[in-house]
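# Overview (structure and organization)
Read off the chains here:
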Amino acid sequence: MRTLAVVGGGAIGLAVAWRAAETGWSVTLLDPAVASGASWVAGGMLAPLSEGWPGEDRVLEFGAASLARWPDFAARVTAATGVSVFVADETMTVALDAADAADLRTVADWVGGRGHELHLLDRAAVREKEPNLARTVRAALLASAEPAIDNRKLVAALRQAAEAAGVVVRAESVDSLTELPHDQIVLAAGAASATLWPELPVRPVKGEILRLRHRPGVAPAPRRVIRARVHGRAVYLVPRADGIVVGATQYEAGFDTAVTVAGVRDLIADAEAVFPGIGEYELAEASAGSRPGSPDNLPLIGRLTDRIVAATGHGRNGMLTVPLTVDAVLGLLGGAVLSEAEAADPQRFSTTVGGIR
Ligand SMILES: Cc1cc2nc3c(=O)[nH]c(=O)nc-3n(C[C@H](O)[C@H](O)[C@H](O)COP(=O)(O)OP(=O)(O)OC[C@H]3O[C@@H](n4cnc5c(N)ncnc54)[C@H](O)[C@@H]3O)c2cc1C
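So, here's what we can say about the structure. (Residues numbered from 1 in each chain as written. Predicted model: local features only at pLDDT ≥ 70, side-chain atom pairs only at ≥ 80, totals over all residues. Heavy atoms only, no water.)

### Quick look at the sheet that holds strand S16 (residues 308–312)
Under the convention used in this document: Note: two strands are recorded as paired if DSSP finds a minimum of 2 bridges between them. Secondary structure counts use DSSP, requiring at least four H or I residues in a row for a helix and at least two E residues in a row for a strand, with both numbered from the N terminus. Helix axes use the C-alpha atoms of the stretch in contact, all axes being lines fitted to C-alpha atoms, and the angles between their N-to-C directions lie in the range 0 to 180 degrees. Contacts are residue-level and defined by heavy atoms, with any inter-residue pair within 4.5 Å sufficient.
As summarised here, the arrangement of the six strands in space is S8-S2-S1-S9-S16-S15, forming an open sheet in which the pairing is mixed. Bordering the open sheet on either side are strand S8 (168–170) and strand S15 (300–303), each of which pairs with just one other strand. Strand-to-strand twist in this sheet, taken as the mean axis angle between neighbours without regard to direction, amounts to 15°. In this sheet, S16 lies alongside strand S9 (residues 184–187) in parallel orientation, the contact comprising three bridges. In the strand pairing of S16, Leu-187 is matched with Ala-310. Each of strand S1 (3–7), strand S2 (26–30), S9 and S16 touches helix H1 (residues 11–22); the most contacted strand, S2, lies at about 165° to it. The sheet strands contacting helix H9 (residues 322–333) are S1, S9, S15 and S16, and the helix crosses S15 at an angle near 10°.

### Some remarks on the site of the ligand
Spelled out, the test is: Nearness here has a simple test: a residue counts as near a molecule or strand if at least one of its heavy atoms is within 4 Å of that partner. Distance and chemistry together define a polar contact, namely a pair of N or O atoms within 3.5 Å, with one atom able to donate a hydrogen and the other to accept it when in protein, and with adjacent residues in sequence counting only for side-chain atoms on both sides. The Shrake-Rupley method, run with a 1.4 Å probe sphere, supplies the accessible areas, and residue values consider only the shown protein chains as cover. Under the scheme applied, nonpolar residues are Ala, Val, Leu, Ile, Met, Phe, Trp, Tyr, Cys and Pro; charged residues are Asp, Glu, Lys and Arg; polar residues are all the others, including Gly.
Neighbouring the ligand are 41 residues, the closest being Asp-31, Ser-39, Met-45, Gly-315 and Met-319. Ala-33 places a polar main-chain atom, nitrogen or oxygen, 3.4 Å from an oxygen atom of the ligand. Gly-318 is positioned such that a nitrogen or oxygen atom in its backbone is 3.1 Å from an oxygen atom of the ligand. In isolation the ligand exposes 1000 Å². Once the protein is present, 94% of that is buried. Secondary structure elements with two or more residues in the shell around the ligand: H1, helix H2 (38–41), strand S10 (203–213) and strand S14 (282–293). Residue composition of the shell around the ligand, by class: 22 nonpolar, 15 polar and four charged.

### Observations concerning the sheet that holds S10
Taking strand neighbours across the sheet as the criterion, the eight strands line up as S5-S6-S4-S11-S12-S13-S10-S14 in an open arrangement whose pairing is mixed. Strands with a single pairing partner mark the edges of an open sheet, and in this sheet they are strand S5 (119–122) and S14. Along the sheet, successive strands turn relative to each other by an average axial angle of 25°, direction set aside. As paired strands, S10 and S14 are joined by 11 bridges and run antiparallel to one another. Within the sheet, the bridge partner assigned to Ile-209 lies in S14 and is Ser-287.

### Some remarks on the nonpolar core
Rules: We define the nonpolar core as a collection of buried residues of types Ala, Val, Leu, Ile, Met, Phe, Trp, Tyr and Cys that are connected through side-chain atoms lying within 4.5 Å of one another. Here the term buried applies to any residue with accessible area under 20% of the maximum for its type, exposed to any over 50%, and partly exposed to those in between, with areas from a 1.4 Å probe on protein chains only.
Counting 51 residues, the largest nonpolar core has Val-27, Phe-73, Leu-154, Leu-158 and Val-186 as its most contacted members. Elements that contribute at least two residues to this core include exactly S1, H1, S2, helix H3 (57–81), helix H6 (151–164), S16 and H9. At nine residues, the largest contribution of residues to this core is made by H1. Aside from chain neighbours lying at most four places away, what touches Val-186 is Leu-4, Ala-5, Val-6, Val-7, Val-16, Val-309, Ala-311, Val-329 and Leu-333. Counting 25 residues, the second largest nonpolar core, distinct from the first, contains Val-94, Leu-121, Val-126 and Leu-267.

If you want it as structure tokens, here you go:
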């Protein structure tokens, strides 16, 4: 049996390890702290259409190709573990002023023009769907094909499925990829990937996020993902069985994962501008993580050598892009390149960074 080492046990590494084991590889996953990185911290939106913007064609198409795989992937997770990961069926981006409303029309026209379905809603239609949003919400863009998942349930289920499929999980940090004895190696160390392969242009992008718990008598959480821009900052609310996840700040701070007062203050203020009821929720958790950022917001999935495959750089969309990443990596391990993932080939940076290999 051929041996595979997966370095990094976030959502990407766990999912690759699981599916590779199911297809006949003898898999060892190495991570000193499985599921402790960005995959644990994240919000769980699967929102490539709502995040579409003119000019970002490749990011839209990569995300949409992964979104299309999510129903099958989630069904596979449920079949293996009994766990259902979805927490919402659709995503609504709301406008608080005329400039926001104009931006929503731009997204609707551009994304709609590429064959994806989005609907503009007026004030009354928004009120009907989400009666507890702020009265200042004047319009919205509804993406009825964009669900959300509970990322913590997902990583726990992926670990369970991986171990059931025979993956050996070792609580070890890897210092050198080339010293691993396995036939093939997948580098899935998230924001830390460039410490193991310095030519990869992956950097940490800090994000702070809150988990709010519902209390008796308080306005229920929105039924769908709510996204908005408040004071120029993006904010989103993702429903959970017991409350709401409010995210997320985004700025460059190296590998710092301290939660700042300013980050918490801005998230609460911005979320309250959209959903006034959150003031009565319990502030259950504030956390921060490092997104594995890439220069063009596409991941880096492809061969680094005959023995090493990169699966990293997923930035702010690493939950969304798990299913496509898994299919692309399984393809590469079998000697094939998946056409929908070609845009993520790390070799696209080979001229600017002096050679990836
Ligand atoms: C605040 C926030 C909100 C987000 N919200 C969303 C969202 O709503 N939707 C979405 O799609 N994405 C979201 N993301 C992005 C998403 O979380 C990431 O893109 C994704 O988790 C990346 O997964 P990963 O497995 O590559 O990395 P990680 O989950 O960070 O896992 C990397 C793993 O590698 C291990 N590792 C590191 N170095 C080594 C080493 N030398 N040896 C062995 N193991 C090592 C670490 O311990 C870690 O467990 C969000 C991220 C943040 C921070």
